[in-house]
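Survey of secondary and tertiary structure
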Amino acid sequence: SAKLARDQLALAEVVALVIDAQNGATAEDARLASFIEESGRAALIVVNKGDLIRRAEIDRKMDALREVLGFMAWAPVVVTSAVTGRGVGEIPQITMDVFAQWSRRVPTSELNKNFEAILARRPPPAGPGGRYVRLYYITQAQTRPPSFFVSANYPAAVGLPYRRYLANRLRDIYGFKGSPLRLVLRAHQGKKPLRKAG
């Protein structure tokens with residue numbers, strides 16, 4: 001049940017979503033994956049019963065899996081067989097790797113240097129009414145999952161496509177493989193003008 005899944009997620013740090021290789025990712029798997037994403041837990045996808053799939057079919061099965069679970073593209077996928085033992089030995093190392101990425105903290109100075117390059121490569125689009133949207137700086141607010149605050153003059157004007165661009169570029173630079181990533185835009189706290197005496 002959904003409640004049981006959520007209760008189990010609350011106890012976990014790294015979650016393995018197990019998919020039946022023959023059936024592929026189902027609507028129920030996608031629902032569980034969305035719970036994992038919302039929970040902020042580190043994750044990997046284990047495609048079991050790989051011994052029952054012909055090698056020629058594997059690519060097609062993996063493409064179908066990515067289509068259903070596209071929103072979880074950040075999670076590594078391992079194909080296993082409980083019968084033959086194939087891929088099972090990889091799970092502990094992958095689990096440790098995703099836990100490390102989930103717990104990773106990036107120094108603020110380094111983060112902002114790379115953030116400037118990200119913005120230079122593709123500046124934010126204009127906001128409503130042609131307003132000039134400016135992103136000032138980025139800080140990592142927390143780990144587990146890696147969460148970032150971006151200071152902006154018009155946070156609400158920064159749409160989902162550009163937010164996705166920022167998150168993807170951070171992943172390109174820092175990895176965060178196996179970890180969801182949170183990106184929150186907040187209003188820039190500029191200096192208030194001094195009041196004139198009198």
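Refer to the preceding data block for the structure.
The present account deals with the structure reproduced in this document. (Residues numbered from 1 in each chain as written. Predicted model: local features only at pLDDT ≥ 70, side-chain atom pairs only at ≥ 80, totals over all residues. Heavy atoms only, no water.)

**Describing the sheet that holds strand β4 (residues 135–142)**
The criterion, for reference: A pair of strands is labelled paired if DSSP reports no fewer than 2 bridges between them. Strands here are runs of E lasting at least two residues and helices are runs of H or I lasting at least four, both read from the DSSP assignment and numbered beginning at the N terminus. All axes are obtained by fitting lines to C-alpha atoms, using only the stretch in contact for helices, and the reported angles, taken between N-to-C directions, cover 0 to 180 degrees. Contacts are residue-level and defined by heavy atoms, with any inter-residue pair within 4.5 Å sufficient.
Spatially, the 3 strands line up as an open sheet ordered β4-β5-β6, and their pairing is mixed. Whereas interior strands pair on both sides, the edge strands pair on one side only; in this sheet they are β4 and β6 (182–187). With strand direction ignored, the average angle separating the axes of adjacent strands in the sheet is 25°. Bridge analysis of strand β5 (residues 147–152) against β6 gives 6 bridges, and the strand direction is parallel. Along β6, the bridge assignment pairs Val150 with Leu185. Relative to the sheet, helix α5 (residues 108–121) contacts β4 and β5, its axis offset from that of β4 by approximately 135°. Together, β4, β5 and β6 form the strand contacts of helix α6 (residues 160–174), whose direction differs from that of β6 by roughly 125°.

**Some thoughts on α6**
Working note: α-helix, 3.6 residues per turn, so residues spaced by three or four point in the same direction. Defined as follows: The span expected for a helix works out to 1.5 Å for each residue beyond the first.
Over its 15 residues, α6 extends 21 Å from the first C-alpha to the last, a length consistent with the 21 Å expected when each residue adds 1.5 Å. Of the residues flanking the end of α6, it is Gly175, one or two places downstream, whose phi is positive at about 90°.

**Some thoughts on the pairing of β4**
Relative to β5, β4 is paired through 6 bridges, and the arrangement is antiparallel. Paired with Leu135 across the strands is Ala152, a residue of β5. Hairpin geometry of β4 and β5 is characterised by an intervening segment of 4 residues between the two adjacent antiparallel strands and by a positive phi of about 55° at Arg144.

**Remarks on the environment of Val150**
Note the following rule: Each residue is placed in one exposure class: buried if its accessible area under a 1.4 Å probe, protein chains only, is under 20% of its type's maximum, exposed if it is over 50%, and partly exposed if it falls in between.
Within the secondary structure, Val150 sits in strand β5. On the accessibility criterion, Val150 (1% relative accessible area) is buried. Residues Val150 and Gln140, spaced 10 residues apart in sequence, show a C-alpha to C-alpha distance of 8.9 Å. Residues contacting Val150, with those up to four places away along its chain left out, are Phe115, Leu135, Tyr137, Ile138, Leu183, Val184, Leu185 and Arg186.

**Description of the pattern of salt bridges**
Worth spelling out the cut-off: One speaks of a salt bridge when a side-chain nitrogen belonging to Lys or Arg is within 4 Å of a carboxyl oxygen belonging to Asp or Glu.
All chains considered together, the criterion is met by 6 salt bridges. Residue Lys49 pairs with Asp20 through a salt bridge whose shortest N-O separation is 3.0 Å. Of this pair, Lys49 sits in the loop between β2 (42–48) and α3 (55–68) while Asp20 sits in strand β1 (residues 14–20), and the two are 29 residues apart along the sequence. Its salt-bridge partner being Arg54, residue Glu57 comes within 3.7 Å of it at the nearest N-O pair. For Glu57, a relative accessible area of 19% corresponds to the buried category. Put simply, Arg54, Glu57 and Arg60 are held in one network by salt bridges that share partners.

**Looking at the sheet that holds β2**
Read across the sheet, 3 strands follow the order β1-β2-β3 without closing on themselves; strand pairing throughout is parallel. One side of each edge strand has no neighbouring strand; the edge strands of this open sheet are β1 and β3 (77–79). For this sheet, the mean inter-axis angle between neighbouring strands, taken without regard to orientation, is 25°. As judged from the 7 bridges shared by β1 and β2, these two strands associate in the parallel manner. In the sheet register, Val14 faces β2, and the bridge partner there is Ala42. Lying on the sheet, helix α2 (residues 27–39) is in contact with β1 and β2; it crosses β1 at an angle near 170°. Contacting β1, β2 and β3, helix α4 (residues 91–102) crosses the sheet at an angle of about 155° to β2.

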